[in-house]
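# Commentary on secondary and tertiary structure
Now for the letters of each chain:
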Amino acid sequence: MRGMKGLVYETSVLDPEEGIRFRGYSIPECQKLLPKAPGGEEPLPEGLFWLLVTGQVPSEEQVNWVSKEWAKRAALPSHVVTMLDNFPTNLHPMSQFSAAITALNSESSFARAYSEGVHKSKAKIVFCNSVLLIYFLFYSIGAIDSNLDWSHNFTNMLGYNDAKFTELMRLYLTIHSDHEGGNVSAHTSHLVGSALSDPYLSFSAAMNGLAGPLHGLANQEVLVWLTALQKELGGEVSDERMRDYIWNTLKSGRKVPQMTKIVLSKTDPRYTCQREFALKHLPNDPMFKLVAQLYKIVPNVLLEQGKAKNPWPNVDAHSGVLLQYYGMTEMNYYTVLFGVSRALGVLAQLVWSRALGFPLERPKSMSTDGLMSLVGSKSG
């Protein structure tokens, strides 16, 4: 079904020319219009969640209400904490993440109400579960401060006290939140939710899709490739030498990972806003300078090669570099960050799916023999 329009999805639309739009607003417009933390310059993700659910740009008061509402719900049930503590340390963070979300199904007011006969159209119950789930995503290692925003509490729990990293996380959690309905994580939550599985089960399923190397692991893949490139070429190199390296990579049958997105015909706005953040806060970082150099060279090489129609860098070209700069070197955790952000979009959409009464998704299938017969092919 790649490329086929088969879903109605309200919260975001991906335009080949303009990139992602959240409820009609571009990323630069969201950066300008959504409320910010005191002294901050990046939008608060709570504001984007309000926009996705309601279609309206929230006031500062409304965003503060969302922050406090989520903070009230931050405690994890003891059985989930015990489960996480008993996992082996080599279990991938995404597996732990998904398992914990599934176990939170014990807290599902939606499942409880449905079993008691409440009609499936009661989307308000799903909304309450969605709000509850978003803060439950964090395995709290410290007290939640109800006077702080979601991202600030998150970075505190991760053990970071750099205000610039918190700003980065506000930007990161906002721009990774939603990417229309057909990507694996969004479509999975939509599909599983259509069976009236509650938000915990639906979101956990989405995270299992996000964990795949063709979806959420892309920024990790890019960072590994950049690190290997830097190690092989050494420090700063000329554009000519870099161009030769890219050509040799392509001629050997390898690829330049995730520098492009098939659905975009220009640079991903999520790349651009991260680049602007880097220019402001880490302009001399060697890895950032390497990405900037690649941005200048790779598109022309790919166009010259003739295989890439849209050779423009996407969001993954920068995100891992920024996270590493601020000391987050645990690359296996990067996809969890992506998942925390994606909760905003897919859960907001799940509210609308239930409110609009979308039916069970149930496409038909057929055997290969049946397909061959349908198209009139003769065997042998």
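Everything numeric in this text was worked out from a predicted model, so none of it was measured. (Residues numbered from 1 in each chain as written. Predicted model: local features only at pLDDT ≥ 70, side-chain atom pairs only at ≥ 80, totals over all residues. Heavy atoms only, no water.)

When its secondary structure is counted, the protein shows 18 helices and three strands. A compact globule built from 380 residues should have a C-alpha radius of gyration of about 21 Å, and the protein, at 22 Å, falls within 12% of that. With the principal axes as the frame, the protein shows a C-alpha extent of 70 × 70 × 45 Å. Considering only contacts within the protein whose residues lie at least 6 apart along the sequence, 75% involve residues at least 24 apart. Accessible surface computed for the protein: about 18,200 Å², of which carbon and sulfur atoms make up 54%. (Helix = DSSP H or I, 4+ residues; strand = E, 2+ residues; numbered from the N terminus. Rg over C-alpha atoms; globule rule 2.2 N^0.38 Å. Contact = heavy atoms within 4.5 Å. Areas by Shrake-Rupley, 256 points an atom, 1.4 Å probe, with all protein chains shown as cover.)

Formed by 95 residues in total, the largest nonpolar core has its most connected members in Trp70, Phe203, Leu226, Ile246, Leu294 and Leu323. With 11 residues, the top contributor of residues to this core is helix α17 (residues 334–355). Ignoring sequence-local partners within four residues, the contact set of Trp70 consists of Glu46, Phe49, Val131, Ile134, Tyr135, Trp150 and Leu344. (Core = buried A, V, L, I, M, F, W, Y, C linked by side-chain atoms within 4.5 Å. Buried < 20%, exposed > 50% of the residue type's maximum accessible area, 1.4 Å probe, protein only.)

This part covers the sheet that holds strand β3 (residues 25–26). With antiparallel pairing, three strands are arranged side by side in an open sheet as β1-β2-β3. Sheet topology places β1 (12–15) and β3 at the edges, where each strand pairs with a single neighbour. Note: β1 against strand β2 (residues 19–22), four bridges, orientation antiparallel. When the bridges of β2 are listed, Asp15 appears paired with Gly19. (Pairing = 2+ DSSP bridges.)

Between helix α8 (residues 150–158) and α17, whose axes approach to 14 Å, the crossing angle comes to 160 degrees. The angle between α8 and α17 places the two elements in the roughly antiparallel class. The hand of the α8/α17 crossing is right-handed. Where α8 approaches α17, its residues Trp150, Phe154 and Leu158 are matched on the opposing element by Leu337, Val340 and Leu344. Looking at side-chain class alone, the contact of α8 with α17 contains six nonpolar, no polar and no charged residues. (Axes fitted to C-alpha atoms, helices over the stretch in contact; angles between N-to-C directions. Parallel < 35°, antiparallel > 145°, perpendicular 65-115°, else oblique. Left-handed = near helix turned anticlockwise from the far one by under 90°. Nonpolar A, V, L, I, M, F, W, Y, C, P; charged D, E, K, R; others polar.)

Scanning all chains against the criterion turns up nine aromatic pairs. An angle of 65 degrees between the planes, with centres 5.2 Å apart, marks the rings of Trp70 and Trp150 as edge-to-face. In this pair, Trp70 sits in helix α3 (residues 60–71) while Trp150 sits in helix α8, placing the two residues 80 residues apart along the sequence. Each of the two residues, Trp70 as well as Trp150, counts as buried. (Phe/Tyr/Trp six-rings, centres within 6.5 Å; stacked < 30°, edge-to-face > 60°.)

So yeah, pure geometry; function would need other evidence.
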